[in-house]
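# Examination of the molecular architecture
Each chain, letter by letter, is given below.
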Amino acid sequence: MRFWHTLLASIATEGPDAAVAMMKTWFGGTWPPRRDAIRFIGWTIYNSVDLDTSQREVAERIASGVESAVGRPWAMPTTEARPVMTYTAEDIADCHRPLIWYLLLQSAHRGVDFLMRHCGFELRHVTDVGTGRHLLSYWCRHALPGASVPVVFLHGVMGFVPYVLTLYQLATSHKGILLLPVFPAACIAAPLRHWHRDAALPVDDLVGALRIMISRHSADGQLPRAAWFAHSLGTAVLASVLKQAPELAVGAVFSDPICFDLASGDVLRNFLYARPALKLRNWYHLIQVRAAARSGCWLACVVCVGPCAPCEACKVRMARGSLWAKRHRNIHTQGIFVSGEPSIQFCFRRAFWWSHGWLHPNDLPCDALIVLSGHDTVVRQLESNQMAARQ
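Residues numbered from 1 in each chain as written. Predicted model: local features only at pLDDT ≥ 70, side-chain atom pairs only at ≥ 80, totals over all residues. Heavy atoms only, no water.

### Remarks on the overall build of the protein chain
Heads up, the rule is: Helix and strand definitions here come from DSSP, where helices need a minimum of 4 consecutive H or I residues and strands a minimum of 2 consecutive E residues; each element is numbered from the N-terminal end. Relative accessibility decides the category of a residue: with a 1.4 Å probe and only protein chains considered, values under 20% of the type maximum give buried, values over 50% give exposed, and everything between is partly exposed. In this analysis, two residues are considered to be in contact whenever any of their non-hydrogen atoms come within 4.5 Å of each other.
Within the protein chain, the regular secondary structure consists of 14 helices and 7 strands. Out of the 391 residues in the protein chain, the part that is buried amounts to 45%. Relative to all contacts within the protein chain whose residues are 6 or more apart in sequence, the contacts with residues 24 or more apart total 74%.

In structure tokens form, the structure reads like this:
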């Protein structure tokens, strides 16, 4: 509900264009009919497309409010419902990975565990005091002389395997306590049939476990506080922490954040739905670039005839082909190794709820730094940076 209140308030201050664009991203770029909008709004609030009478009334009131605020009527109804990314209500894609794939990944995880222990980390656990239920495991490196505030690092998909150099730099440059929570549901460390053992914690339990973790390593008489560093999926966890327990943060670094852009639908489309596109024109431009690199000259094209220095039109065509190929190569790799993996499909379609991980920049309770990659296939770098800079 808070998201829709924030959206209506932003329309009054920033105009309707952003709200219209946001709704279109969930419906494949089209403005939906009222019936489909109500279905989508109900799903965002209740995580269900089958609404009872009271839930439908709430969704209808919000739909009327959005329609009035943007000054644009909903589209004319069609015989069939518009496709919308209600990903938690959809079937999990038919996908599998061979056991050798998990053997290799588990070997990589064990190698990272060895390096962590070599750098002075030890694995600790948080359990529920009342029931003894395991809540969270985390790596801890105790403070060195001259220590400062603790740093908490929240990893993304595939666990700590992609972050070996990052963790090494943290361990060598930071003298304070380092806390590295482990989120098994996002680590791709076991086949799907074992995934229930590492099911994602509910948000309230997760925030509570992180609070206990920080409290253990806070000095006597001081409030439990830490600096937070999160990447990709970890920024969604950090968003939940900053909304539910803002007193735990003295500062935050968001690297390739998905949390600011979850409301648009682009993050989910790029991660769960994106497929490489075949465009012969772009392949032609790419071939020009490869051939020119080998021969040391520029090939003939529509504008230039014969080997020559590239004109501006050539440069544009070749740059577009190169960037397109790099992006779709990354999307293809992402689909094979990450988003198409069964446990990740289950994690995102059954345990990840976008509104929990969504954070409006106005809600940041501390100083924050945003770091963006150059060719990210999930986050819209420019839009995320502009939105945060405006706040």
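After that view, the rundown keeps rolling.
### Some details on the sheet that holds strand β3 (residues 151-154)
For the record, the criterion: In short, DSSP must find at least two bridges between two strands for them to pair. Note on method: axes are straight lines fitted to C-alpha atoms, helices fitted across the in-contact stretch only, with angles between N-to-C directions ranging 0 to 180 degrees.
An order of β1-β2-β4-β3-β5-β6-β7 is seen for the 7 strands of this open sheet, with the pairing classed as mixed. A strand with exactly one partner marks an edge of an open sheet, and here the two such strands are β1 (122-127) and β7 (368-371). The sheet shows a mean angle of 20 degrees between the axes of neighbouring strands, taken without regard to direction. In this structure, β3 lies alongside strand β5 (residues 226-231), joined through 4 bridges in parallel fashion. Bridge assignment links V152 to a residue of β5, and that residue is W228. Against the sheet, helix α7 (residues 203-216) touches β1, β2 (134-141), β3, β4 (178-182) and β5, its axis set at about 35 degrees to β2. Set on the sheet, helix α8 (residues 233-244) makes contact with β3, β5 and β6 (249-255); between it and β5 the angle comes to about 145 degrees.

### Looking at the confidence of the model for the protein chain
As a reminder, the rule being used: The score called pLDDT rates the predictor's confidence residue by residue, from a low of 0 to a high of 100.
Mean pLDDT for the protein chain: 79, with 75% of residues reaching 70 or above. Element-level mean pLDDT values for the protein chain span from 49 in helix α14 (residues 381-390) up to 96 in β3. Taken together, the stretch residues 293-310 has pLDDT below 50 and engages in 26 contacts with residues farther than four places along the chain or on a different chain. pLDDT under 50 marks residues 387-391. Its contacts with residues more than four places away, or in other chains, come to 9 contacts.

### Concerning the nonpolar core
Here is the rule: Put simply, buried Ala, Val, Leu, Ile, Met, Phe, Trp, Tyr and Cys residues joined by side-chain atoms within 4.5 Å make one nonpolar core.
Ranked by internal contacts, the top residues of the largest apolar core, which has 52 residues, are W4, W26, F352 and W354. Elements that contribute at least two residues to this core include exactly α1 (2-14), α2 (17-26), α3 (34-46), α4 (53-70), α5 (99-118), α8, α9 (266-273) and α12 (342-350). Per element, the largest residue contribution to this core is 6 residues, and it comes from α4. The residues touching W4, leaving out its near neighbours within four places in the chain, are M22, M23, F40, I41, T44, I45, I62 and V66.

### Observations regarding the pairing of β4
For clarity, the cut-off: When the strands point away from the viewer, a crossover counts as right-handed if the path from the first strand over the helix to the second runs clockwise.
Most of β4 is tucked away, with 5 of its 5 residues classed as buried. Two elements, β2 and β4, share 5 bridges in a ladder whose sense is antiparallel. Note on β4: the bridge partner recorded for S137 is V182. As defined by bridge partners, β3 adjoins β4 across 2 bridges and the pair is classed as parallel. Within the sheet, the bridge partner assigned to V152 lies in β4 and is L179. For the crossover that starts at β3, traverses helix α6 (residues 164-173) and ends in the parallel β4, the hand is right-handed.

### Description of the packing of α9 against α12
What counts here: By the definition adopted for this analysis, an angle is roughly parallel if under 35 degrees, roughly antiparallel if over 145, roughly perpendicular if from 65 to 115, and oblique otherwise. Each crossing gets its hand from how the near helix is turned against the far one by less than a right angle, where anticlockwise is left-handed and clockwise is right-handed.
At a minimum axis distance of 12 Å, the contact between α9 and α12 shows a crossing angle of 155 degrees. Judged on the interaxial angle alone, α12 and α9 are roughly antiparallel. In this structure, α9 meets α12 at a crossing whose hand is left-handed. Residue-level inspection shows F271, L272 and Y273 of α9 in contact with α12, the latter providing I344, Q345, F348 and R349.

### Description of a nonpolar patch on the surface
Put simply, the rule is: Exposure above 30% relative accessible area and the absence of a salt bridge qualify a residue for a patch, where like charges join within 9 Å and nonpolar side chains (Val, Leu, Ile, Met, Phe, Trp, Tyr) within 5 Å. All accessibility values rest on the Shrake-Rupley procedure with a 1.4 Å probe; residue burial counts only the protein chains present in the view. By definition, a salt bridge exists where a carboxyl oxygen of Asp or Glu is found within 4 Å of a side-chain nitrogen of Lys or Arg.
Taken together, the side chains of I100, L103 and L104 define a hydrophobic patch exposed on the protein surface, amounting to about 310 Å² of accessible area. The topology assignment puts I100 in helix α5.

### Section: the side chain of Q345
Going by this rule: Here a polar contact is taken to be a pair of N or O atoms separated by no more than 3.5 Å, where protein atoms must pair a possible hydrogen donor with a possible acceptor and residues adjacent in sequence count only if both atoms sit in side chains.
With respect to the helices and strands, the residue Q345 is situated in helix α12. Here R349 takes part through its side chain, which lies 2.8 Å from a polar atom of the side chain of Q345.

### Considering the packing of aromatic side chains
Put simply, the rule reads: Aromatic pairing here means that ring centres of Phe, Tyr or Trp (its six-membered ring) are within 6.5 Å. Orientation follows from the plane angle: under 30 degrees is stacked, over 60 is edge-to-face, and everything else is tilted.
What the rule picks out here adds up to 12 aromatic pairs. Between the aromatic rings of W26 and F40, the centroid separation amounts to 5.2 Å while the plane-to-plane angle is 45 degrees, which identifies the pairing as tilted. Highlighted residues: W26 in helix α2 and F40 in helix α3, separated in sequence by 14 residues. Residue W26 is classed as buried on the basis of its relative accessible area, which comes to 1%. Taking relative accessible area as the criterion, F40 reaches 1% and is therefore assigned buried. Put simply, the rings of F3, W4, W26, F27, F40, W43 and W358 touch in pairs and so form one group of aromatic residues.

### So, unusual backbone geometry
The backbone phi angle of S232 is positive, close to 55 degrees, even though this residue is not glycine. Here S232 shows up in the loop between β5 and α8. Classification of S232 as partly exposed rests on a relative accessible area of 22%. One non-glycine residue, D256, lies in positive phi territory at about 50 degrees.

### Quick notes on α7
Counted only if it meets this: Working rule for helices: expected span equals 1.5 Å times residues minus one. The arc in question is the one traced by the directions running from the helix axis out to the C-beta atoms.
Here α7 is 14 residues long and its end C-alpha atoms lie 20 Å apart, about the 20 Å a rise of 1.5 Å per residue gives. Turning to α7, its buried residues number three or more, namely L206, V207, A209, L210, M213 and I214. For α7, the buried positions fall inside an angular range of 160 degrees around the axis, keeping them on one side.

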